[in-house]
Amino acid sequence: MVRSETRTKECDQLFLQKISGLNSAILRSRKDILLDDLEEAYKKSIKVESFFSFSDGKNVIFMYGVLLMVLLFVATPALVYLFEYILSTRCFLGMGYLSWEITRPISNCRHCSGLQAPIILPRNVTRDEFEPYAYSSQPIIVKGAALHWDAVKNLNYSFLKDIYQRVPGAIDSVIEDCQFLHFKSNFVTLREVFQRVRGEEPLDDGNEWYVGWNNCHPSIMKHIRKLYPYPPLPFLPEDAELSPTDFVFLGYDQGAIMHIDYIPRLMWQAQLRGHKAWSLNPTPECENACKSFSFEVEPGDILLLDTRIWYHETQIPKGEFSIAIQSEYG
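Heads up: these notes are all about the structure in this document. Residue positions are given per chain, counting from 1 as you read along its sequence in written order. Local features are withheld for residues below a pLDDT of 70 in this predicted model, meaning they are given only at 70 or higher, and side-chain atom pairs are given and counted only at 80 or more; totals for whole chains, interfaces and linings count all residues. Side-chain metrics in this entry use all non-hydrogen atoms of the structure; hydrogen atoms and water are not considered.

### Some remarks on the overall build of the chain
Move 1: Scanning the chain from terminus to terminus reveals 10 helices and 11 strands.
Move 2: Relative accessibility thresholds used throughout: buried, under 20% of the residue-type maximum; exposed, over 50%; partly exposed, between the two (1.4 Å probe, protein chains only). Out of the 330 residues in the chain, the part that is buried amounts to 40%.
Move 3: Any pair of residues with heavy atoms lying within 4.5 Å of one another is described as a contacting pair. Long-range contacts, defined here as pairs at least 24 residues apart, represent 76% of the contacts in the chain between residues at least 6 apart.
Move 4: Here the chain has roughly 19,500 Å² of accessible surface; of this, 57% comes from carbon and sulfur atoms. Helix numbers and strand numbers start at the N terminus; a helix is a DSSP run of H or I with at least 4 residues, a strand a run of E with at least 2. Method for areas: the Shrake-Rupley scheme with a 1.4 Å probe, in which residue coverage is limited to the protein chains shown.

### Overview of the pattern of salt bridges
Move 1: The term salt bridge refers to a side-chain nitrogen of Lys or Arg lying within 4 Å of a carboxyl oxygen of Asp or Glu. Under the defined criterion, the tally for this structure stands at 14 salt bridges.
Move 2: Arg127 is paired through a salt bridge with Glu238; the nearest N and O atoms lie 3.9 Å apart. Linking Arg127 in helix 5 (residues 127-130) with Glu238 in the loop between helix 10 (218-225) and strand 5 (247-252), this pair joins segments that are 111 residues apart in sequence.
Move 3: Note on Glu238: relative accessible area 71%, which makes it exposed.

### Details of the packing of helix 7 (residues 157-166) against helix 10
Move 1: Lines fitted to C-alpha atoms define the axes, with helix axes restricted to the stretch in contact, and inter-axis angles between N-to-C directions lie between 0 and 180 degrees. It is at 10 Å that the axes of helix 7 and helix 10 come closest, and there the two elements cross at 150°. Put simply, helix 7 runs roughly antiparallel to helix 10. Judged by the sense of rotation from one axis to the other, the crossing of helix 7 with helix 10 is right-handed. In this structure, helix 7 contributes Phe159, Leu160, Ile163, Tyr164 and Arg166 to the contact, and helix 10 contributes Ile220, His223 and Ile224.
Move 2: The residue makeup of the contact of helix 7 with helix 10, split by class, is six nonpolar, one polar and one charged. An angle counts as roughly parallel when it lies under 35 degrees, as roughly antiparallel when it exceeds 145, as roughly perpendicular when it falls between 65 and 115, and as oblique in every other case. Definitions for this section: a left-handed crossing has its near helix turned counterclockwise from the far helix by less than a right angle. A right-handed crossing has that turn clockwise. Classes in brief: Ala, Val, Leu, Ile, Met, Phe, Trp, Tyr, Cys and Pro nonpolar; Asp, Glu, Lys and Arg charged; the others, Gly included, polar.

### Remarks on the sheet that holds strand 8 (residues 293-297)
Move 1: Strands qualify as paired when DSSP identifies two bridges or more between them. An order of 8-7-10 is seen for the three strands of this open sheet, with the pairing classed as antiparallel. With partners counted over all chains shown, the strands left at the sheet margins are strand 8 and strand 10 (310-315), one partner each. Taken pair by pair, the neighbouring strands of this sheet meet at an average axis angle of 25°, ignoring direction.
Move 2: Of the strand pairs in this sheet, strand 7 (residues 276-282) and strand 8 are connected by five bridges, and their pairing is antiparallel. Each residue of the ladder has a partner; that of Trp278, found in strand 8, is Phe295.

### Regarding empty space enclosed by the protein
Move 1: Here a cavity means grid points, on a 1 Å grid over the protein atoms only, where a 1.4 Å probe fits yet cannot get out; a pocket means an open set of points with protein on both sides within 12 Å along at least five of seven lines; lining residues are those with an atom within 4 Å of a point. Grid points are joined across faces, edges and corners, and a volume is the space filled by probe spheres set on the points. Evaluation of the coordinates by the stated rule reveals two cavities of 30 Å³ or more.
Move 2: Here the largest cavity defines a volume of roughly 40 Å³.
Move 3: Lining the largest cavity are Gln269, Ala270, Gln271, Lys276, Trp278, Val297, Asp301, Ile302 and Leu303.
Move 4: Of all the secondary-structure elements, those providing two or more residues to the lining of the largest cavity are strand 6 (266-273), strand 7 and strand 9 (302-305).

### Observations concerning the sheet that holds strand 4 (residues 209-214)
Move 1: Taking strand neighbours across the sheet as the criterion, the eight strands line up as 1-2-9-6-11-5-4-3 in an open arrangement whose pairing is mixed. The sheet is open, and its two edges are formed by strand 1 (119-121) and strand 3 (180-181), each paired on a single side.
Move 2: Summarising the sheet, strand 4 and strand 5 pair through six bridges and their orientation is antiparallel. Bridge pairing in strand 5 places Trp213 opposite Val248.

### As for helix 7
Move 1: Of all the residues in helix 7, the buried ones are Tyr157, Leu160, Ile163 and Tyr164. One face of helix 7 carries all of its buried residues, which in axial projection span an arc of 145°.
Move 2: In the core, the buried residues of helix 7 are packed alongside helix 8 (170-176), helix 9 (190-196), strand 4, helix 10, strand 5 and strand 11 (321-329).
Move 3: Polar contact criterion, stated in full: a pair of N or O atoms within 3.5 Å, where within protein one must be able to donate a hydrogen and the other to accept it, and residues adjacent in sequence count only if both atoms are side-chain atoms. The opening residue of helix 7, the one whose side-chain oxygen lies 3.3 Å from the backbone nitrogen of Ser158, is Asn156. Arc definition: directions from the helix axis to the C-beta atoms.

Function-wise, these values are silent; they only describe arrangement.
Encoded structure:
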């Protein structure tokens, strides 16, 4: 009780001091302001101040509640849009690669231990000779195995642009049903590639480019597969399961950044035009047992690589155009 009365006296003294200060300052300029007016103004200021004061718990809770409601009202549509975008995007790199890397099976490193270069096999390698390497996940180059394909001579940028623009719905199928990879290029769709790229050369602004896509349109697949035998690799095991679709990779003076693929089978890629440099890195759990190395493929070479357990990067040499066909087996 005594403490409460002391507190009241202190507040009264503070009140009188503020009133006196205001009175002295304002009456010097305006003599029509009375002491009662100052007292009323100060009382109103005390009420406004107390509303925003953290000493009043109810007001603070109320303010936080209002702010939370405003934030929810503003943020909810943005969050909904973000989740819809992620779910509708075929390859959302940041989230996808992180989750895939976390869930990737740990490698036993037998595929890379002691290896410092790809295994080189001749173009006429037989099925029996290839069998020990078929599912070893070791990088293999079959030199010149595709040199006899019509695709080496006839599958070029003009051919692809022509058939995709002639076949109804072919370009749209890459957007709706297939997969388009722009890598470091600024292209968003295959349609934009055919609009901006005039030929096997850099863009009009001098920039290099590199893209890839899945040719899952039936008519396009039929056109392209006329240019190489099917099954394309006679040395694969007789019971090897082949992918129903292929990928096309092409570009000028560029390539793909270091990455790992999340595909169900091993990969093969036939280099049809130009050269391409490959750089391979082992997965983190194999860094002590295995080494990184680089190599180059030439027109007609077929590379077989388990891109699920080899980090890989590609680069087209300066001033060159490259085109390759890729598929899977397992």
